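As a plain string of letters, each chain reads:
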Amino acid sequence: LQYNQMVDQMQELVEKVYKAELQQSQDKLAKRNAQLQALQTQINPHFLYNTLGAINTYAMEADQREIEQMVNMLGRMLRYAVQNPLEPVKIADEVDHLQSYLTIMKYRHWIMPEIIWDVDSCMDQPILRLTIQPLVENVFQHAFGDGIRKGHYICIRTYKGDQVLLEVEDNGIGMEGLLEGRHYRLDEVPGVTFGIGLNNVNKRIQLIYGDAYGIMLFRNGTGGTTIRLMLTNKKKK
């Protein structure tokens, strides 16, 4: 009986060692794959930067100032975007990134909406990288579906109290599913499927700060849409 118990214990020990070695091998493989992916993400931007640099050189030689400026702004956006998306930056950094995006959009459209800024009180406020630009991009894609006309605007504003709020407001065609006087979480808007940009921002904010934070939407007094970000200085526990 003791012999059988000893054999069983030895077999159990062998299995534990085998499982531990297997787990260690899987961990090493996962780590190696992560390293390879990190190296790959370094290669692709490096190629893009070099290509943009070459395009910029041709634009300068041809005295194409518009192309030169677009390439410069796109290069700045790429350098900013490839850094850690969970890294907190300042709202000032996000505003600078958004300015580059708006410069490119200026050359893509014959007419631009008026851009209204009201963020001076929160420029040093921490915010996740790549948070504001996707919200404004959503406005260009959906709010002005009938075209940008004189009188259209996009307002980017911040409020600072117990919580920090950042809003992107437009006076476009409005979003179907938003009832007047009601605020909606991103996943509560009936009949609307949001793209990668807003969902990505929302998930990253909730990952860092908790499910109580993220994107809210509501119909504003112009009939357009206001996208509100609820932020905090504290990370979730």
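That block above? That's the structure.
Residues numbered from 1 in each chain as written. Predicted model: local features only at pLDDT ≥ 70, side-chain atom pairs only at ≥ 80, totals over all residues. Heavy atoms only, no water.

**Here's the deal with the overall build of the chain**
For step 1, the next point in the chain: Scanning the chain for helices and strands turns up five helices and eight strands.
For step 2, the next point in the chain: As displayed, the chain has an accessible area near 15100 Å², and 53% of this comes from carbon and sulfur atoms. (Helix = DSSP H or I, 4+ residues; strand = E, 2+ residues; numbered from the N terminus. Areas by Shrake-Rupley, 256 points an atom, 1.4 Å probe, with all protein chains shown as cover.)

**Regarding the sheet that holds strand β6 (residues 184–185)**
For step 1, the next point in the chain: Taken in spatial order, the six strands line up as β2-β4-β5-β8-β7-β6 in an open sheet, and their pairing is mixed. This sheet does not close on itself; its edge strands, each paired only once, are β2 (114–118) and β6.
For step 2, the next point in the chain: Bridge count for strand β5 (residues 164–170) against strand β8 (residues 225–231) is six bridges, and the pairing is antiparallel. Each bridged residue has a counterpart across the sheet, and for L165 the counterpart in β8 is M230.
For step 3, the next point in the chain: The sheet contacts of helix α3 (residues 91–108) involve β2, β4 (153–160) and β5, and relative to β2 the element is tilted by about 175 degrees.
For step 4, the next point in the chain: Running at roughly 20 degrees to β5, helix α4 (residues 132–142) makes contact with β4, β5, β7 (214–219) and β8 of the sheet. (Pairing = 2+ DSSP bridges. Contact = heavy atoms within 4.5 Å. Axes fitted to C-alpha atoms, helices over the stretch in contact; angles between N-to-C directions.)

**With respect to the packing of aromatic side chains**
For step 1, the next point in the chain: Counted under the stated rule, the structure contains two aromatic pairs.
For step 2, the next point in the chain: Considering the side-chain rings of Y101 and F140, the 6.1 Å spacing of their centres and the 75 degrees angle between planes classify their relative orientation as edge-to-face. Residue Y101 is found in helix α3, and its partner F140 is found in helix α4; the two are separated by 39 residues along the sequence. When sorted by exposure, Y101 lands in the same class as F140, which is buried. (Phe/Tyr/Trp six-rings, centres within 6.5 Å; stacked < 30°, edge-to-face > 60°. Buried < 20%, exposed > 50% of the residue type's maximum accessible area, 1.4 Å probe, protein only.)

**Notes on the pattern of salt bridges**
For step 1, the next point in the chain: Inspection of the entire model under this criterion finds five salt bridges.
For step 2, the next point in the chain: Among the salt bridges present, the one from K90 reaches D124, with a minimum N-O distance of 3.9 Å. One end of the pair, K90, is in strand β1 (residues 88–90); the other, D124, is in the loop between β2 and β3 (126–128), and 34 residues separate them in sequence.
For step 3, the next point in the chain: Given the relative accessible area of 42%, K90 is considered partly exposed.
For step 4, the next point in the chain: Judged by its relative accessible area of 59%, D124 is exposed.
For step 5, the next point in the chain: Note that E167 is salt-bridged to R228, the shortest N-O span being 2.5 Å. Note that E167 is positioned in strand β5 and R228 in strand β8, a separation of 61 residues in sequence.
For step 6, the next point in the chain: Note on E167: relative accessible area 4%, which makes it buried.
For step 7, the next point in the chain: Within this structure, R157, E167, E169 and R228 form a network of salt bridges that share partners. (Salt bridge = Lys/Arg side-chain N within 4 Å of Asp/Glu carboxyl O.)

**Description of the pairing of β4**
For step 1, the next point in the chain: In terms of burial, β4 is largely enclosed, as six of its eight residues are buried.
For step 2, the next point in the chain: Inspection of the sheet shows β4 paired to β5 by seven bridges, in the antiparallel sense. Bridge pairing in β5 places C155 opposite E169.
For step 3, the next point in the chain: Here β4 folds back onto β5 in antiparallel fashion, the turn holding three residues.

**Some details on the packing of helix α2 (residues 65–81) against α3**
For step 1, the next point in the chain: Contact geometry of α2 with α3 gives a least axis separation of 9 Å together with a crossing angle of 145 degrees. For the pair α2 and α3, the sense of crossing is left-handed. In this structure, α2 contributes E66, Q69, M70, M73, L74, R76, M77 and Y80 to the contact, and α3 contributes D93, E94, D96, H97, S100, Y101, T103, I104 and Y107.
For step 2, the next point in the chain: Here the contact of α2 with α3 is composed, by residue class, of eight nonpolar, four polar and five charged. (Left-handed = near helix turned anticlockwise from the far one by under 90°. Nonpolar A, V, L, I, M, F, W, Y, C, P; charged D, E, K, R; others polar.)

The analysis is restricted to geometry; functional conclusions fall outside its scope.
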